[in-house]
Amino acid sequence: MMMDDDVEGGNLGPYQERPRTFPNMRSKSYTPFIVRVLMGINVRVLFILLLLGLGGVFYIGASTSPIIVFVFTICIISFLLSIYLTKWVLSKDEGPPEMVQISDAIRDGAEGFFRTQYGTISKMAMLLALVILCIYLFRTTTPQQESSGLGRSTSAYITVAAFLLGALCSGMAGYVGMWVSVRANVRVSSAARRSAREALQVAVRAGGFSAIVVVGMAVIGIAILYAAFYVWLGVDSPGSMKVTDLPLLLVGYGFGASFVALFAQLGGGIYTKAADVGADLVGKVEQGIPEDDPRNPAVIADLVGDNVGDCAARGADLFESIAAEIISAMILGGTMAQRCKIEDPSGFILFPLVIHSFDLVISSIGILSIRSTRDSSVNSPREDPMAILQKGYSVTIVLAVITFGASTRWMLYTEQAPSAWFNFALCGLVGIITAYDFVWITKYYTDYKHEPVRTLALASSTGHGTNIIAGVSLGLESTALPVLVISISIVSAFWLGHTSGLVDEAGKPTGGLFGTAVATMGMLSTAAYVLTMDMFGPIADNAGGIVEMSQQPESVREITDLLDAVGNTTKATTKGFAIGSAALASFLLFSAYMDEVAAFAHEPFNQVDIAVPEVFVGGLLGSMLIFLFSAWACSAVGRTAQEVVNEVRRQFIERPGIMDYKEKPDYGRCVAIVASASLREMIKPGALAIVSPIVVGILFRILGYYTGHPLLGAKVVASMLMFGTVSGILMALFLNTAGGAWDNAKKYIETGALGGKGSDCHKAAVTGDTVGDPFKDTAGPSLHVLIKMLATITLVMAPVFL
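These remarks concern the structure in this document.

Criteria and cut-off values
- Residues numbered from 1 in each chain as written.
- Predicted model: local features only at pLDDT ≥ 70, side-chain atom pairs only at ≥ 80, totals over all residues.
- Heavy atoms only, no water.
- Helix = DSSP H or I, 4+ residues; strand = E, 2+ residues; numbered from the N terminus.
- Buried < 20%, exposed > 50% of the residue type's maximum accessible area, 1.4 Å probe, protein only.
- Contact = heavy atoms within 4.5 Å.
- Salt bridge = Lys/Arg side-chain N within 4 Å of Asp/Glu carboxyl O.
- Patch = residues over 30% accessible without salt bridge, like charges linked within 9 Å, V, L, I, M, F, W, Y side chains within 5 Å.
- Areas by Shrake-Rupley, 256 points an atom, 1.4 Å probe, with all protein chains shown as cover.
- 1 Å grid on protein atoms, 1.4 Å probe; cavity = no way out; pocket = protein on both sides within 12 Å on 5 of 7 lines; lining within 4 Å.
- Points joined across faces, edges and corners; volume = space filled by probe spheres on them.
- Nonpolar A, V, L, I, M, F, W, Y, C, P; charged D, E, K, R; others polar.
- Arc of directions from axis to C-beta.
- Expected span 1.5 Å × (residues − 1).
- Polar contact = N/O pair within 3.5 Å; in protein donor to acceptor, adjacent residues only side chain to side chain.

**Quick notes on the side chain of T526**
Then comes step 1: Topologically, T526 is positioned in the loop between α17 (512-523) and α18 (527-549).
Then comes step 2: Accessibility expressed as a relative area gives 2% for T526, which makes it buried.
Then comes step 3: Look past the residues within four positions of T526 in its chain and what remains in contact with it is D359, I362, S363, Y393, T396, I397, A400 and F577.

**Notes on the pattern of salt bridges**
Then comes step 1: What the rule picks out here adds up to 28 salt bridges.
Then comes step 2: With its nearest N and O atoms 3.6 Å apart, the salt bridge here joins E94 to R187. Here the residue E94 occupies a position in the loop between α4 (66-90) and α5 (97-137), and R187 occupies one in helix α7 (residues 152-192), the gap between them amounting to 93 residues.
Then comes step 3: Looking at R187, the relative accessible area reads 9%, which means it is buried.
Then comes step 4: Residue K273 pairs with D276 through a salt bridge whose shortest N-O separation is 3.0 Å. Here K273 pairs with D276, and both are found in helix α9 (residues 251-287), just three residues apart, close to one helical turn. The same class applies to K273 as to D276, namely buried.
Then comes step 5: The network of salt bridges with shared partners includes K273, D276, D564, D743, K746, K747, D769, D773, K776 and D777.

**Observations regarding a nonpolar patch on the surface**
Then comes step 1: There is a patch of nonpolar side chains on the surface, built from V45, L46, I48, L49 and L52 and spanning about 450 Å² of accessible area.
Then comes step 2: Here I48 is to be found in helix α3 (residues 43-64).

**Considerations on the environment of A264**
Then comes step 1: Structurally, A264 can be placed in helix α9.
Then comes step 2: A264 gets classed as buried once you look at its relative accessible area, which sits at 2%.
Then comes step 3: Sequence separation between A264 and V304 is 40 residues; the distance between their C-alpha atoms is 14 Å.
Then comes step 4: The contact partners of A264, leaving out residues within four places of it in the chain, are Q117, Y118, I121, G269, A313 and A316.

**Digging into the layout of surface pockets**
Then comes step 1: Put simply, the second largest pocket is a space of about 1,000 Å³.
Then comes step 2: Breaking the lining of the second largest pocket down by element, the ones donating at least two residues are α6 (143-148), α10 (299-339), α16 (480-498), α17 and α19 (554-601).
Then comes step 3: Element by element, the count of residues in the lining of the second largest pocket is highest for α19, at nine residues.
Then comes step 4: Split by residue class, the lining of the second largest pocket holds 18 nonpolar, nine polar and seven charged.

**What about helix α14 (residues 451-460)?**
Then comes step 1: Along α14, the residues that are buried comprise P452, V453, L456, A457, A459 and S460. Buried residues along α14 cover an arc of 155 degrees about the axis, so they all sit on one side.
Then comes step 2: The inward-facing, buried residues of α14 abut α13 (420-446), α15 (464-477), α23 (712-750) and α24 (760-797).

**Quick look at α4**
Then comes step 1: In this model α4 runs 37 Å from its N-terminal to its C-terminal C-alpha over 25 residues, within 8% of the 36 Å that 1.5 Å per residue would give.
Then comes step 2: A distance of 3.1 Å separates the backbone nitrogen of I67 from a side-chain oxygen at the start of α4, and that oxygen is part of S65.

See below:
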């Protein structure tokens, strides 16, 4: 009431003195159903149930292998550490009331959208589960399944159960990412009032909690599924399935994770970038107000978008990356062990789970190595946050090399080839170096300390057009070095595996593909720390928004701006890392697909001849799919942003008092527009990704049936997958790097270079950043998921193409 009187009398003092309220954007408090049920149970009963659950898990683990018990133990210790990190972050103060109000509005918007989005995704997942069930009930069985007595119906139910579990875990990974980010952002803002180092530490530990939970869930989910199938199917007992065939039953888990990650990334990406573009175009360019200014009606939608697009979607994305890589490496390890007639193949099959268990340990050490300094005043000498994060990454890399070497000696030593483990250790080293190279290359192209971004900023001084030309050319150029690095790593890892001394019955070397799988594990052996750096970005971005909206002193905004610029670079490096791992994982899944087709067809399937017209057409369709998918993702952002722009303009025209703080913008209206539009827009590109490989495979299977080429459908899909992967890697590299460079060129000018904020140069850079937004946060990240999704969907649907 007092505020209304002030408005009527035109008596509005400085912002800090005004009690400013932000609207509640949900009608009731939202907590997931599972959490509500658990909260309703008595604590003692819950504790007993938890102990019984852990006892059951360890029992099936002990019945399977001591290695599984080791994996379970590490995962549970990691979860306990993540609880410690949560308590540490939540113990930090939330700052003054105006910060808390803004944070609550962001949390309400994020949780409301998450609930609606995942409700839609879960319905689609159920529908797809029914389709998979029908296909598996009417397909042919493999010789391995016939010999083990695994019938069609059992195989169908196993695949569907694995698919739904993968989808559920991927959804939980996304929820964890969002849950922590909407609570940590305000605490980082509050910490920035005291010191830059404390703000950095809070953001890193909040990101670390999310990363540890995501990686831990991926590992323990696959381990529990593997152990449960092992005990239930009586694996390795007479007349039952061999342990080397067991990993093929886990493919559905990877597909479920990919399915949810794709829609989470698409929906979240469209949401965050449509709000961002709408807020920037009207706020910065037309009205000339700063980023995250409380007068901008789209600002809350923009801040909500950081959580649903970056934190939730990236959590689901990296969960899916690790799941796909573990499963493909287990399949290849089992296949190789079978060919080499290794007595105990469990080491080769369970090796990926051990590597990622160690990832949890070494990444935790890296996260905890970032501490606050004793001198915690705002005026203490400013440190470079990127250098501090790089030190933590260096610690993690060194530990990764040591633990990887020890793991290969423990798991991969065999009497048949005593020195093979050393070759595989070198493969892991190749992967670790590849990961480091990817992080460094992306940092070079997207950090404004380096020449490419500074050249791009300089191009802005001559106008909007030259900024766009420079950004596009930088993005195109940035594809070269990563492709060279991937090429060298695939060839060298394959060669190291090939010369490891492992041979089949005919004396042919068989370790090549497994060598590539080990290199992929090496690349992902620091995934938890890399994901921490990624989560740090949106949390820092949100913190900056809260500081700007609550109009804190300039010194605090400088700290959050610095963290935000570093966050842009870490987000870009993670995307580079994700593409590299997607490229290697897709290569492995492609090999697993060819092995599965050979098993169903009862004949060898070692190569795909693109001189056959139909196969070449399959390749063209695969490349076209990538371009069409990217186009639909970007145009979805454009269409939704237009709605936001029109709404923000309408509010500025109809409520002229907004610019003088005499009227409040309607934040909730923009949130509602973006939420409904992004859910509507995510369906078309997502459906294209799922339906196209199935339709192409079935059409060419029918054509092959009438022309006397029974494997034509499988070959065309293989070609589609191959070309789609190659095009997807290049397109994702271009989109991610160009978008990140445009964003940081704008940030560089905002530091005061080339005229600073508000100059013509800055306006041109804002245009570049606006073009780059859907590149780097919608189409680019969705492509990593699409590449692996194509690989897992073809693996699950292989029987349909024959």
